Amino acid sequence: MLDFFSKTKGRRLYYTINLVAGLAIFFFGYDQGMMSGVNTSPDYVRVMKLGYSTYEGPSEGYVATITEPTREGGIVSIYYLGTLIGALMGGVLGDRIGRIKTMLVGSLWVLIGASLQCSAQNIAWMLCARVINGIGTGFLNAIVPVWSAEVASHTSRGAFIASEFTLNIFGVVVAYWLEFGLGFVGDGNTQVRWRFPIAFQILPVLAFMLLVPSMPESPRWLLKVGRADEARSILARLRSEDGNLEDARVAAEYEEIQGAVRLEKEHAAGNTYFAMFFGLHDGDLHVARRVQLSIWLQIVQEWVGIAAITVYATTIFSQAGYSSRKAQWLSGLNDVTYMLSTLLAVVTIDRLGRRVGLWWGAVVQGIALFLAGGFSRLLKEHPEHSAQYGGAAALFVFMYTATFGATWLTIPWVYPTETFPLYVRAKGNAWGVVGWSIGNGWLTLLNPVMFNSIQENTLYIFGAVNFLAIPMVWAFYPETANRTLEEMDHLFMSKSPFVWDEEAHFKKWKDGELEDREKTPPVLQPDVADVKVDEQKQEKA
């Protein structure tokens, strides 16, 4: 079977890579969604000394009560310390030994961490296991999207990665319903309720480790390290159905990557994290600007409210008059809606572009959060109308989740894979994962405090962040859709960080009005432009 994959070409290879990368992204979603169910397991609460449990009758079983929320939050949030460390380690290895080998290293970390987690006997054991598991996840989060972006064509790069995030939320759905079902085993007071879901994550990682060695290495990384013949051969397998090395599209993309490698060689001294963050040795490439864009987009992704709405959803459903079990059912259906909404991202992310997706997503999410908060307040003040106000609040929770899945879930993960120069692309995406880890870890600790102090008013804060994100995207985040990875260097060569100046600079470069165009072979000579038009037509077909 592995030999079959090594000979696959064209669209079949393209979809195979998408599926294999999706296994890693599925694990990532499952791993994130898993802890919400683990935290409600009475046996887990007892072992970790987080609280106590009471028997609520045959319909509800044993229900855990948390008396140590800080300890509970610490176990969850320390995972994001691991992802931060793992992303930085993975970025270095990804640029040094290649994307394929680095993904295997990350998978080994995950296997060790998951094995330790599912066998944990006390909180210290669990904390160490969570960090190790987080390191492995950080590796995969930093490298898998980069590998996907580098093998995808420029006309469908966003959809390629967005489709993987459908599997990501499918992982969340599987985690939720698996743990919901295990809650009925032994009245919910068994070790299997939390140990089995933790161990289950090993299966997709093992499948990923089995398949990924037969996948092609990134042709861009191969060209960067001087393995030109391999790079051209893989490009031919990716861009033509018969692996034709002389295919016009293959030749055009090969020359474009070669030109970018030559342009970036003079900046190779700036390939450390320190140099990237402070813009040392990057000349006109403005890598530091791209680092800030990646970090803050991922931090804002968390602050637009997804962590809060996920936590508060069950509470809203319960206050609406639904029983505990029914509230859990609604939360599970909300996750299914979340997964299905990612399919809209697959369709729109390349057609509408990254900026439009972030704009309309922020508008709808902001409105939904304000209305969910408003109806939650009315629900508390007028419990006699719980069905009406609770139903309305639940509706806007569903609306928010669906909109986030179609927009802000995928775009902040796609953007850092596109914007960095080849010589630091893995490290660049690692900076994005650092931002995600900061945003997630911060809010994991802060959310319980905010909801305990100001209750549903917390939703207003996150709603306001959505509206503040609109001018941020408009001013600082240029469009990347339907542009090749090699064109991004020229987009960011503008001395000004504002989008309108960057677009003006890019247009001048395309029109041949700038000297920096002479430093590399022209990317879009008339014959190559025709090739790209043909490629776009084929993608649409």
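Quick caveat: nothing in here was measured; it's all calculated off a predicted structure.

Chemist: Looking at this structure, how should I read the overall build of the chain?
Modeler: Assigned secondary structure in the chain consists of 23 helices and 2 strands. At 24 Å, the chain has a C-alpha radius of gyration in line with the 24 Å of a compact globule built from 541 residues. Structurally, the chain occupies a C-alpha span of about 75 × 45 × 45 Å along its principal axes. Classification of the 541 residues of the chain by burial places 59% in the buried group. Nonlocal contacts in the chain, meaning residues at least 24 apart in sequence, comprise 77% of its contacts between residues at least 6 apart. For the chain, the accessible surface area stands at approximately 20,500 Å², while carbon and sulfur atoms represent 65% of it.

Chemist: Help me understand the side chain of asparagine 440 in this model?
Modeler: Among the secondary structure elements, asparagine 440 is positioned in helix H19 (residues 425-454). Apart from the residues lying within four places of it in its own chain, the contact partners of asparagine 440 are Gln32, Tyr80 and Glu302.

Chemist: Looking at this model, I keep getting lost on the packing of aromatic side chains. Mind explaining?
Modeler: Two numbers describe a pair of aromatic rings. These are the distance of the centres and the angle of the planes. Under the counting rule described, the total for this entry stands at 37 aromatic pairs. Note on tyrosine 14 and tyrosine 15: the rings are 6.2 Å apart at their centroids and 65° apart in plane angle, and the pair reads as edge-to-face. Take tyrosine 15: its relative accessible area is 49%, and that puts it in the partly exposed class. One aromatic cluster is present, built from ring pairs that chain together Phe28, Tyr79, Tyr80, Phe165, Trp413 and Trp436. In this arrangement the basic side chain of arginine 483 is found over the ring face of phenylalanine 506, its NZ or CZ atom lying 4.4 Å from the centre.

Chemist: Any chance you could explain the environment of tryptophan 109 here in plain terms?
Modeler: Mapped onto the elements, tryptophan 109 comes out in helix H5 (residues 99-118). Through-space distance from the C-alpha of tryptophan 109 to that of glycine 134 is 8.4 Å; in sequence the pair is 25 residues apart. Filtering out sequence-adjacent residues up to four positions away, tryptophan 109 remains in contact with Met89, Ile132, Ile135, Gly136 and Phe139.

Chemist: Would you mind showing me how to read the pattern of salt bridges here?
Modeler: Close approach of charged atoms lets side chains of opposite charge pair. Across all of its chains, the model carries 22 salt bridges by this definition. Linking glutamate 230 and arginine 227 is a salt bridge whose minimum nitrogen-to-oxygen distance equals 2.8 Å. Here glutamate 230 falls in the partly exposed class, since its relative accessible area comes to 37%. Its salt-bridge partner being glutamate 418, residue arginine 354 comes within 2.4 Å of it at the nearest N-O pair. With arginine 354 in helix H16 (residues 354-381) and glutamate 418 in helix H18 (residues 411-419), this residue pair connects regions lying 64 residues apart in the sequence. Taken together, the shared-partner salt bridges in this structure form one network comprising Asp95, Arg99, Glu150, Lys224, Arg425 and Lys427.

Chemist: Help me understand the nonpolar core in this model?
Modeler: Proteins that are soluble and globular tend to have nonpolar side chains buried together. The biggest cluster of nonpolar side chains holds 122 residues, and the ones touching the most others in it are Met103 and Trp408. In this view, methionine 103 contacts Leu140, Ile143, Val144, Trp147, Phe208 and Val212; residues no more than four positions away in its chain are not counted. Tyr30, Val38, Cys118 and Trp194 belong to the second-largest nonpolar core, a separate cluster that totals 17 residues.

Chemist: What's the story with the pairing of strand E2 (residues 62-66) in this structure? I'm lost.
Modeler: Remember that side chains alternate between the two faces of the sheet whenever the strand is regular. The pairing of strand E1 (residues 51-55) with E2 spans 5 bridges and is antiparallel. The residue bridging tyrosine 55 from the neighbouring strand is tyrosine 62, located in E2. Here E1 folds back onto E2, and the loop between the two strands holds 6 residues, one of which, glycine 57, carries a positive phi near 100°.

Chemist: Honestly, the environment of methionine 339 in this entry has me stumped. Any pointers?
Modeler: Its location among the elements puts methionine 339 in helix H15 (residues 324-348). Among the residues examined, methionine 339 registers a relative accessible area of 15% and is labelled buried. Measuring from C-alpha to C-alpha, the distance between methionine 339 and isoleucine 169 comes to 5.0 Å, with 170 residues separating the pair along the chain. Excluding its chain neighbours within four sequence positions, the residues that come into contact with methionine 339 are Thr166, Ile169, Phe170 and Val173.

Chemist: Explain unusual backbone geometry to me, please; I cannot follow it from the model alone.
Modeler: Negative phi is the rule for most residues except glycine; trans is the rule for most peptide bonds. The phi angle at histidine 286 is positive, at roughly 50°, despite the residue not being glycine. In this structure, histidine 286 sits in the loop between helix H13 (273-278) and helix H14 (287-319). Phi is positive for glutamine 455, which is not a glycine, with a value near 50°. Topologically, glutamine 455 is positioned in the loop between H19 and helix H20 (457-476). Classification of glutamine 455 as partly exposed rests on a relative accessible area of 29%.

Chemist: Would you take a moment to explain the state of the cysteines for this structure?
Modeler: Among covalent bonds in proteins, the disulfide is the one between the sulfur atoms of two cysteines. For the structure shown, the criterion picks out 0 disulfides. With no disulfide of its own, cysteine 118 lies closest to cysteine 128 among cysteine sulfurs, the gap being 15 Å.

Chemist: What is the right way to look at H5 in this model?
Modeler: Along an α-helix, a turn takes 3.6 residues, which lines up residues three or four apart on a common side. Compared with an ideal rise of 1.5 Å per residue, which puts 20 residues at 28 Å, H5 spans 29 Å between its outermost C-alpha atoms and is within 8% of the ideal. Three or more residues of H5 are buried, namely Arg99, Ile100, Thr102, Met103, Gly106, Ser107, Val110, Leu111, Gly113, Ala114, Gln117 and Cys118.

Chemist: Help me understand the side chain of arginine 289 in this model?
Modeler: Relative to the helices and strands, arginine 289 resides in helix H14. The contact partners of arginine 289, leaving out residues within four places of it in the chain, are Phe492, Ser494, Lys495, Ser496, Pro497 and Glu502.

Chemist: Explain the packing of H16 against helix H17 (residues 386-406) to me, please; I cannot follow it from the model alone.
Modeler: For any two helices packed against each other, the geometry is given by the interaxial angle and the distance between the axes. Here H16 crosses H17 at 160°, and the two axes come no closer than 8 Å. The angle between H16 and H17 falls in the class roughly antiparallel. Crossing geometry of H16 relative to H17 is assigned as left-handed. Of the residues in H17, those touching H16 at Trp360, Gly361, Val364, Gln365, Ala368, Leu369, Leu371, Ala372, Phe375, Ser376, Leu378 and Leu379 are Ser386, Tyr389, Gly390, Ala392, Ala393, Phe396, Met399, Tyr400, Thr403, Phe404 and Ala406. Class assignment for the residues of the contact of H16 with H17 results in 17 nonpolar, 6 polar and no charged.

Rules behind the numbers
- Residues numbered from 1 in each chain as written.
- Predicted model: local features only at pLDDT ≥ 70, side-chain atom pairs only at ≥ 80, totals over all residues.
- Heavy atoms only, no water.
- Helix = DSSP H or I, 4+ residues; strand = E, 2+ residues; numbered from the N terminus.
- Rg over C-alpha atoms; globule rule 2.2 N^0.38 Å.
- Buried < 20%, exposed > 50% of the residue type's maximum accessible area, 1.4 Å probe, protein only.
- Contact = heavy atoms within 4.5 Å.
- Areas by Shrake-Rupley, 256 points an atom, 1.4 Å probe, with all protein chains shown as cover.
- Phe/Tyr/Trp six-rings, centres within 6.5 Å; stacked < 30°, edge-to-face > 60°.
- Lys NZ or Arg CZ within 6 Å of the ring centre and 35° of its normal.
- Salt bridge = Lys/Arg side-chain N within 4 Å of Asp/Glu carboxyl O.
- Core = buried A, V, L, I, M, F, W, Y, C linked by side-chain atoms within 4.5 Å.
- Pairing = 2+ DSSP bridges.
- Disulfide = S-S within 2.5 Å.
- Expected span 1.5 Å × (residues − 1).
- Axes fitted to C-alpha atoms, helices over the stretch in contact; angles between N-to-C directions.
- Parallel < 35°, antiparallel > 145°, perpendicular 65-115°, else oblique.
- Left-handed = near helix turned anticlockwise from the far one by under 90°.
- Nonpolar A, V, L, I, M, F, W, Y, C, P; charged D, E, K, R; others polar.

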